[in-house]
Amino acid sequence: MLIIDSESLDLLEFHKIRKCISDLCYSKTAVQKANAINVFEDHPQLITELNRVAELKSLISSDSFFPDLQFEEFYPEVSMLALDGSMLTEEQFLLIKQCTEISNTAIRFLKNKKSLSPYLFQLIEGVEDNKLIIEEIDSIIDFDATVKNSASKELQKIRRDLSDKRRESDAKFNRYVNELKKQGYLRDSEESFFNGRRTLAVLVEYKSEVSGFVHSKSETGKTIFIEPGTIISINNDIAELEIDERREINRILRELSDTLRPYASQLKQFHALLVELDFLKAKARFARQINGVLPSISQISELKLAKAFHPILFLQNKEQRKTTVPLTIHLNNEQHLVVISGPNAGGKSITLKTVGLLQVMLQSGLLVSVAENSVMSFFEHVLIDIGDTQSIEHELSTYSARLKKMISILETVNSKTLVLMDEFGSGTDPELGGAMAEVVLEELVNSKTFGVITTHYSNVKLLANKLKGVSNGSMLFDMETLEPKYTLTVGEPGSSYTFEVAERVGFPKHLIERAKQKIDSDKVDLNKLLAEVQQQKTKMNEALERVEHEEFMKKIAKEKYDTLFNNWRDKTERDRERKIELARLADFGQKYLRLLDDWNKNENRKEVIKRFIDGITAETNKRKELAKQNKLDAFAEKKVARLKPLIKVGTKVRVLNGSQVGIVESIKDEKVNITFGILKMTVNIHNLEIVKD
């Protein structure tokens, strides 16, 4: 059985995800791959794909260099090259050269990123770059897709002769044109081209005055197009040389094709690599658009979606500058089913679709729009029953169609199945439908199935509260504004807000009151109680959020203060050290100036030299002493950092080079108060060592 059927993919609007990704692909083959995205059945292959997309997203998000992967499809050219005796054109060779350059750049880039992107590196294992292909094509084909003159001596000679003949033909033609213009034999257009040959536009009444070969006549019959006889012979020579040129070019291209034919298989590897990178990059770019991440993948069944968004809804709201309410839900082996209740149009169905779509996206090798602390796993089956499945073709009512769907689901479910069911048990008598919904829920619990189910049935809500492994959930509703909040809360069932929603849409109040009188007062009281509980929980959650926000802001403020204080302290220390160094240099400079003065005044310069050497020696020794002290201080700091977390009140310690063991009584900063029997003393922490029992 398939992991998920095509009908369920349509219900989740997975085709819109495919369209988003295909729009970001450059090559036609990558677009085809995007349109065919489907669920992986091989989990190791899926893990590899997910990590490749995550690595590529990280690379393109880092604002560092990433190779340009825009290339034209060149597989047909490579396939032709692989055929013995085939010959590629200049344009085809130029295309192969450009794509080889892109491939070489991509291969070198991924090799340099081996440690950071090991999964992407796997794409180029066994694939080497190839400069020879580029060099061979460069030696023959110019940037404008023409064969270079230097490609062969014969071609160089032919083109030189062609150039000479064309100049000779142009000179004779232009002289003849000037003569005929003076005599008034030509039309204003003067000349034209027929079959690649220059002709004169001669007025019909003067055609006998102009010798040459008639190529054509205007539709009006007033103009004759004549190739002057004086250049026919030269033009024949040019035509013959052009044939020779084409033959020589074909010979060169055939020779180049033979030279590069052994590399056809490598060029196919290049094509496959570029297509795959184009496809992966489209996935990564889409992930950036939806803030997609790779969640932690659990080996056991678990679904923990933190701050999850429906990707299509998120993009739509983003374009319209609207806020998308995130979804948080957690299913595990202990609590593997959630029964969601709440008002219509409150977000129950979109919650189901969000869970289903994100799961399918993950198992199709796509990053998902959730917070980074989310946890997901791979399910063997994703079974969906959402919306009206009435079938006119098979003469099935909504209820019958849903029952058949339910039979299919119950035959498949197990602990590796994710089930999403919307309004299950509906479509028939509420009391009977509610009973059917209860037994289905019990079966799902017994099979350890993971799932999210929506309902309006009170009996199902009560049963969910009793069954082990099932949680009630509700979509929040604002009683003051009578508007849904589209927020899921798990822990207790929700009211359907039947009368509140009716009031919101303007249903007559007197009719609402009459409706209330027609139902069991206990049910009205239950719905009212559920609504009040939800309101209280909403207020408590809002208060908790405010407290958490205040705590967060306090933490940010403290961190900012600590940073500023540490920066100020470091700057103060640097300024102090700089002043000490400046003072030392000033003192050294004064001594040097006095020595210089003595050197100029004193004839006994040996004494001055001795004083100079003594001064240098003293300064050197002072520096050595300072370096030694700094080293000791650094060692002491490291020791303090290592010992401070370990030394606590009650720890047994010993003073360095001492033998007596003491007990730590108290600690303040780096000073430790120790008791040695009846004696007490205070010791710096770096002068202590811990005594192990």
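Residues numbered from 1 in each chain as written. Predicted model: local features only at pLDDT ≥ 70, side-chain atom pairs only at ≥ 80, totals over all residues. Heavy atoms only, no water.

**Student:** Mind showing me how you'd approach the overall build of the chain here?
**Tutor:** The helix and strand inventory of the chain stands at 20 helices and 19 strands. In the chain, of all internal contacts separated by at least 6 residues, the share reaching a separation of at least 24 is 67%. Summed over all atoms, the accessible surface of the chain reaches about 39,800 Å², with 52% contributed by carbon and sulfur. (Helix = DSSP H or I, 4+ residues; strand = E, 2+ residues; numbered from the N terminus. Contact = heavy atoms within 4.5 Å. Areas by Shrake-Rupley, 256 points an atom, 1.4 Å probe, with all protein chains shown as cover.)

**Student:** What exactly am I supposed to notice about the nonpolar core here?
**Tutor:** Soluble globular proteins: nonpolar side chains tend toward being buried together. Counting residues in each nonpolar core, the largest one holds 104 residues, and the members touching the most others are Phe14, Ile17, Ile141, Leu305, Val355 and Met361. The leading source of residues in this core is helix 11 (residues 264–289), at 13 residues. Ignoring any residue separated from it by four or fewer positions in sequence, one finds Ile141 in contact with Glu90, Phe93, Leu94, Thr146, Val147, Lys148, Leu253 and Leu256. Residues Leu383, Met406, Ile453 and Leu467 belong to the second largest nonpolar core, which totals 20 residues. (Core = buried A, V, L, I, M, F, W, Y, C linked by side-chain atoms within 4.5 Å. Buried < 20%, exposed > 50% of the residue type's maximum accessible area, 1.4 Å probe, protein only.)

**Student:** Looking at this structure, how should I read the confidence of the model for the chain?
**Tutor:** Low pLDDT means the predicted atomic positions in that stretch should not be read closely. In the predicted model, the chain carries a mean pLDDT of 83, and the fraction of residues at 70 or more is 87%. Per-element confidence in the chain is highest for helix 2 (residues 14–22), whose mean pLDDT is 96, and lowest for helix 17 (residues 498–504), whose mean pLDDT is 59. (pLDDT = per-residue confidence, 0-100.)

**Student:** I would appreciate a short explanation of helix 13 (residues 348–363) in the present structure.
**Tutor:** Within an α-helix, residues lying three or four positions from one another point in the same direction, as the helix has 3.6 residues per turn. An ideal rise of 1.5 Å per residue puts 22 Å on 16 residues; helix 13 measures up with 23 Å between its terminal C-alpha atoms. In terms of residue burial, helix 13 counts as a mostly covered element, since 13 of its 16 residues are buried. (Expected span 1.5 Å × (residues − 1).)

**Student:** Teacher, can you tell me more about helix 2 here?
**Tutor:** Every buried residue belonging to helix 2 is among Phe14, Ile17, Arg18, Ile21 and Ser22, and all of these are buried. With its buried residues spanning 130 degrees around the axis, helix 2 presents them on a single face. Looking at the buried positions of helix 2, the neighbouring elements they touch are helix 1 (6–11), helix 3 (28–35), helix 11, helix 12 (311–319) and helix 13. (Arc of directions from axis to C-beta.)

**Student:** In this structure, what is going on with a nonpolar patch on the surface? I would like to understand it.
**Tutor:** A surface patch of nonpolar side chains, amounting to about 790 Å² of accessible area, comprises Phe588, Tyr592, Leu593, Leu596, Trp599, Ile609, Phe612, Ile613 and Ile616. Going through the elements one at a time, helix 19 (521–601) and helix 20 (605–643) are the ones with two or more residues in the nonpolar patch. Residue position: Leu596 is located in helix 19. Since its relative accessible area comes to 38%, Leu596 is described here as partly exposed. (Patch = residues over 30% accessible without salt bridge, like charges linked within 9 Å, V, L, I, M, F, W, Y side chains within 5 Å. Salt bridge = Lys/Arg side-chain N within 4 Å of Asp/Glu carboxyl O.)

**Student:** Help me understand the packing of helix 6 (residues 90–112) against helix 8 (residues 131–140), please; the structure alone is not making it clear to me.
**Tutor:** Where helix 6 meets helix 8, the axes come as close as 9 Å, and the angle between the chain directions of the two elements is 150 degrees. Classified by the angle between their axes, helix 6 and helix 8 sit roughly antiparallel to one another. As for the relative orientation of helix 6 and helix 8, their crossing is left-handed in sense. Residues Phe93, Ile96, Lys97, Thr100, Glu101, Asn104 and Arg108 of helix 6 lie in contact with helix 8, whose contacting residues are Lys131, Ile133, Ile134, Ile137 and Asp138. For the contact of helix 6 with helix 8, the class distribution of residues is 5 nonpolar, 2 polar and 5 charged. (Axes fitted to C-alpha atoms, helices over the stretch in contact; angles between N-to-C directions. Parallel < 35°, antiparallel > 145°, perpendicular 65-115°, else oblique. Left-handed = near helix turned anticlockwise from the far one by under 90°. Nonpolar A, V, L, I, M, F, W, Y, C, P; charged D, E, K, R; others polar.)

**Student:** Teacher, can you tell me more about the packing of helix 3 against helix 11 here?
**Tutor:** Each packed pair of helices is defined by two parameters, the angle between the axes and the distance between the axes. In the contact formed by helix 3 and helix 11, the axes pass within 9 Å of each other and the chain directions differ by 50 degrees. When the interaxial angle is binned, helix 3 and helix 11 end up oblique. Note that helix 3 runs across helix 11; the crossing there is right-handed. Touching Thr29, Ala30, Lys33 and Ala34 of helix 3 are His271, Val275, Glu276, Asp278 and Phe279, all from helix 11. Looking at side-chain class alone, the contact of helix 3 with helix 11 contains 4 nonpolar, 2 polar and 3 charged residues.

**Student:** Where do I start with the pairing of strand 18 (residues 679–684) in this structure?
**Tutor:** For a regular strand, side chains alternate in direction, first toward one face of the sheet and then toward the other. Sheet topology places strand 17 (residues 671–676) next to strand 18; 6 bridges connect them, and they run antiparallel. Among the inter-strand pairings, Lys671 is bridged to a residue of strand 18, identified as Asn684. Once strand 17 ends, the chain turns through 2 residues before running back antiparallel as strand 18, passing Gly677 with a positive phi of about 70 degrees. (Pairing = 2+ DSSP bridges.)

**Student:** Looking at this structure, how should I read the pairing of strand 10 (residues 381–385)?
**Tutor:** Burial runs high along strand 10: 5 of the 5 residues are buried. Of the two faces of strand 10, the one holding His381, Leu383 and Asp385 and the one holding Val382 and Ile384 are both buried throughout.

**Student:** Before we go on, may I ask you to explain the side chain of Glu245 in this structure?
**Tutor:** Tracing the chain through its elements places Glu245 in helix 10 (residues 229–260). In this structure the side chain of Glu245 is engaged in a polar contact, spanning 2.8 Å, whose partner is the side chain of Arg159. In this view, Glu245 contacts Leu155, Ile158, Arg159 and Leu162; residues no more than four positions away in its chain are not counted. (Polar contact = N/O pair within 3.5 Å; in protein donor to acceptor, adjacent residues only side chain to side chain.)

**Student:** Whenever I open this one, a negative patch on the surface confuses me. Can you help?
**Tutor:** Where like charges cluster on the molecular surface, the negative patch consists of Asp633, Glu637, Asp669 and Glu670. Locating Glu637 in the fold gives a position in helix 20. (Lys, Arg positive; Asp, Glu negative; His and termini not counted. Charge placed at Lys NZ, Arg CZ, Asp CG, Glu CD.)

**Student:** How should I be thinking about unusual backbone geometry in this particular structure?
**Tutor:** Glycine aside, negative phi is the norm for most residues, and most peptide bonds take the trans geometry. A positive phi angle, near 60 degrees, is found at Ala145, a position not held by glycine. With respect to the helices and strands, the residue Ala145 is situated in the loop between helix 8 and helix 9 (153–183). In this structure, Arg321 takes a positive phi of about 60 degrees despite not being glycine. For Arg321, the location among the structural elements is in the loop between helix 12 and strand 7 (327–331).

**Student:** Explain the sheet that holds strand 19 (residues 688–690) to me, please; I cannot follow it from the model alone.
**Tutor:** What holds strands together in a sheet is hydrogen bonding between their backbones, with the strands either parallel or antiparallel. If you trace the 5 strands from one edge of the open sheet to the other, you get 18-17-16-15-19, paired in antiparallel fashion. Among the strands making up the open sheet, the edge pair consists of strand 18 and strand 19. Each strand of the sheet is rotated relative to its neighbour by a mean of 45 degrees, with strand direction disregarded.

**Student:** How do you make sense of the pattern of salt bridges when you look at a structure like this?
**Tutor:** Counted by the stated rule, this structure contains 23 salt bridges. With a shortest N-O distance of 3.4 Å, Glu90 and Arg246 are connected by a salt bridge. Residue Glu90 is located in helix 6, and its partner Arg246 is located in helix 10; the two are separated by 156 residues in the primary sequence. In this structure, Lys165 and Asp237 form a salt bridge, with 3.3 Å as the shortest nitrogen-oxygen distance. In this pair, Lys165 is assigned in helix 9 and Asp237 in helix 10, connecting sequence segments 72 residues apart. For Lys165, a relative accessible area of 25% puts it in the partly exposed group. Here the salt bridges share partners, and the residues they tie into one network are Glu248, Arg251 and Glu255.

**Student:** So what exactly am I meant to see when it comes to the packing of aromatic side chains here?
**Tutor:** Centre-to-centre distance and the angle between the planes together describe a pair of aromatic rings. Tallied over the entire structure, the rule returns 6 aromatic pairs. When the ring of Phe379 is compared with that of Phe450, the centres are 5.6 Å apart and the planes differ by 55 degrees; the resulting orientation is tilted. In this pair, Phe379 sits in the loop between strand 9 (375–376) and strand 10 while Phe450 sits in strand 12 (residues 450–454), placing the two residues 71 residues apart along the sequence. Of the two residues examined, Phe379 and Phe450, each falls in the buried class. Between Tyr561 and Phe565, the aromatic rings sit 6.2 Å apart at their centres with planes inclined by 20 degrees, giving stacked as the arrangement. Taken together, the residues Tyr561 and Phe565, both in helix 19 and 4 residues apart, mark about one turn of the helix. Ring pairing ties together the aromatic residues Tyr561, Phe565 and Trp568, which thus form one cluster. (Phe/Tyr/Trp six-rings, centres within 6.5 Å; stacked < 30°, edge-to-face > 60°.)

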